Amino acid sequence: MDPSAPSRTLGIGQRIFLAIACQLWLWVNLFSQASEFEAIAVSIVQLVAVVLITLRLRHMPSINDRWVRVVILLVVLLVAAVDLTIAGKELAGFSLWFSTRKLVPVAGLLAFAGAIYCFFKAPTRIMLLLYTVSFVAGMRAIALMLSAQASSEAGNFETLTIAEAVVSMIYPLVFLFRGHYTPMRGPEATTDGK
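Rules of the game
Residues numbered from 1 in each chain as written. Predicted model: local features only at pLDDT ≥ 70, side-chain atom pairs only at ≥ 80, totals over all residues. Heavy atoms only, no water. Helix = DSSP H or I, 4+ residues; strand = E, 2+ residues; numbered from the N terminus. Buried < 20%, exposed > 50% of the residue type's maximum accessible area, 1.4 Å probe, protein only. Contact = heavy atoms within 4.5 Å. Areas by Shrake-Rupley, 256 points an atom, 1.4 Å probe, with all protein chains shown as cover. Phe/Tyr/Trp six-rings, centres within 6.5 Å; stacked < 30°, edge-to-face > 60°. Expected span 1.5 Å × (residues − 1). Arc of directions from axis to C-beta. 1 Å grid on protein atoms, 1.4 Å probe; cavity = no way out; pocket = protein on both sides within 12 Å on 5 of 7 lines; lining within 4 Å. Points joined across faces, edges and corners; volume = space filled by probe spheres on them. Nonpolar A, V, L, I, M, F, W, Y, C, P; charged D, E, K, R; others polar. Patch = residues over 30% accessible without salt bridge, like charges linked within 9 Å, V, L, I, M, F, W, Y side chains within 5 Å. Salt bridge = Lys/Arg side-chain N within 4 Å of Asp/Glu carboxyl O. Axes fitted to C-alpha atoms, helices over the stretch in contact; angles between N-to-C directions. Parallel < 35°, antiparallel > 145°, perpendicular 65-115°, else oblique.

A. Layout of the overall build of the chain. Helices and strands together make up the secondary structure of the chain, namely 8 helices and 0 strands. N-terminal to C-terminal, the α/β element order of the chain is α-α-α-α-α-α-α-α. For the chain, with 194 residues in total, the buried portion stands at 38%. Within the chain, contacts between residues at least 6 apart in sequence are counted, and of these 80% link residues at least 24 apart. Working note: accessible area of the chain is about 11100 Å², and carbon and sulfur atoms make up 70% of it.

In structure tokens, the structure reads:
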């Protein structure tokens, strides 16, 4: 968002591919989690994505608010770890060593706050990935809270699912029309000096 930084637009093919891939991941997580195996698979993919995004952030010296993105990744990591623990407990009879009643709602709120944060930054590839993993973490936190409440109605759950599916499309559409490369001023500054 710095006016002095170059703002190169991604090709339409790249934007379409990335937007569709991230949107499919969002919808797969939303509509196809009916078993503990699927919850474990989602959590593992989320953990791998956190590691890959973290490695990418390490090589981006021009990021001014890197700590905000690290906090978002830590929240995603927390939700994925809780999800793995609960799914493992239901699948293999593991016992939880901590209470998740208060932890999951707070983590879900922070995850959705991380997704909203992405709207205030330039729609780059790294921000699209950050939005995707944080939104998935928020959806998983909601799913964990609803599964813990035996009194939740099926109709309300379906309405919430449809609302999440519609809202999840907003940022991929923004990226599709306005996607940019991530500014990396550090290497350019060194090459200009040579």
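Here the narrative resumes.
B. Geometry of the packing of aromatic side chains. Evaluated as defined, the whole model comprises 5 aromatic pairs. Ring centres of Tyr-131 and Phe-135 lie 5.6 Å apart, and the angle between their planes is 35 degrees; on these two criteria the pair is classed as tilted. Of this pair, Tyr-131 and Phe-135 are both found in helix 5 (residues 125-148), 4 residues apart, which corresponds to roughly one turn of the helix. On the accessibility criterion, Tyr-131 (1% relative accessible area) is buried. These aromatic residues form a ring-pair network of at least three members: Phe-112, Phe-119, Tyr-131, Phe-135 and Tyr-171.

C. Focus on helix 1 (residues 12-31). When the terminal C-alpha atoms of helix 1 are compared, their 28 Å separation across 20 residues agrees well with the 28 Å that a helix rising 1.5 Å per residue should span. Along helix 1, the positions that sit buried rather than exposed are Arg-15, Ala-19, Cys-22, Gln-23, Leu-26, Asn-29 and Leu-30. The arc that holds every buried residue of helix 1, seen down its axis, measures 125 degrees, which confines them to one face. Exposed residues pointing more than 90 degrees away from the buried face of helix 1 are listed as Phe-17 and Phe-31.

D. Spatial organisation of empty space enclosed by the protein. Applying the stated criterion across every chain yields a total of 1 cavity of 30 Å³ or more. Space inside the largest cavity adds up to approximately 30 Å³. Surrounding the largest cavity, Leu-78, Val-79, Val-82, Leu-103, Val-104, Ala-107 and Leu-144 form its lining. The set of elements that each furnish at least two residues to the lining of the largest cavity consists of helix 3 (66-92) and helix 4 (103-117). Across the lining of the largest cavity, the residue classes tally to 7 nonpolar, no polar and no charged.

E. Region of interest: a nonpolar patch on the surface. Judged by side-chain polarity, Ile-12, Ile-16, Ile-20, Leu-24, Trp-27, Phe-31, Met-169, Leu-173 and Phe-177 come together as a nonpolar surface patch covering roughly 870 Å² of accessible area. Counting only elements with at least two residues in the nonpolar patch, the list comes to helix 1 and helix 7 (170-178). It is helix 1 that contributes the most residues to the nonpolar patch, 6 residues altogether. Along the chain, the position of Leu-24 falls in helix 1. Given the relative accessible area of 47%, Leu-24 is considered partly exposed.

F. Looking closely at the environment of Ala-41. Along the chain, Ala-41 falls in helix 2 (residues 36-58). Between the alpha carbons of Ala-41 and Leu-84 there is a distance of 8.8 Å; along the sequence they are 43 residues apart.

G. How the structure looks around the packing of helix 1 against helix 7. Look at helix 1 against helix 7: their axes get within 8 Å of each other, and the N-to-C directions meet at 175 degrees. When the axis of helix 1 is compared with that of helix 7, the two are roughly antiparallel. Contact with helix 1, carried on its side by Ile-12, Arg-15, Ile-16, Leu-18, Ala-19, Gln-23 and Leu-26, involves Pro-172, Phe-175, Leu-176, Phe-177 and Arg-178 of helix 7 and no other residues of that element.

H. Local environment of the pattern of salt bridges. What the rule picks out here adds up to 1 salt bridge. Residue Asp-83 pairs with Arg-140 through a salt bridge whose shortest N-O separation is 2.6 Å. Taken together, the residues Asp-83 in helix 3 and Arg-140 in helix 5 connect sequence positions 57 residues apart. When its relative accessible area of 11% is taken as the criterion, Arg-140 is described as buried.

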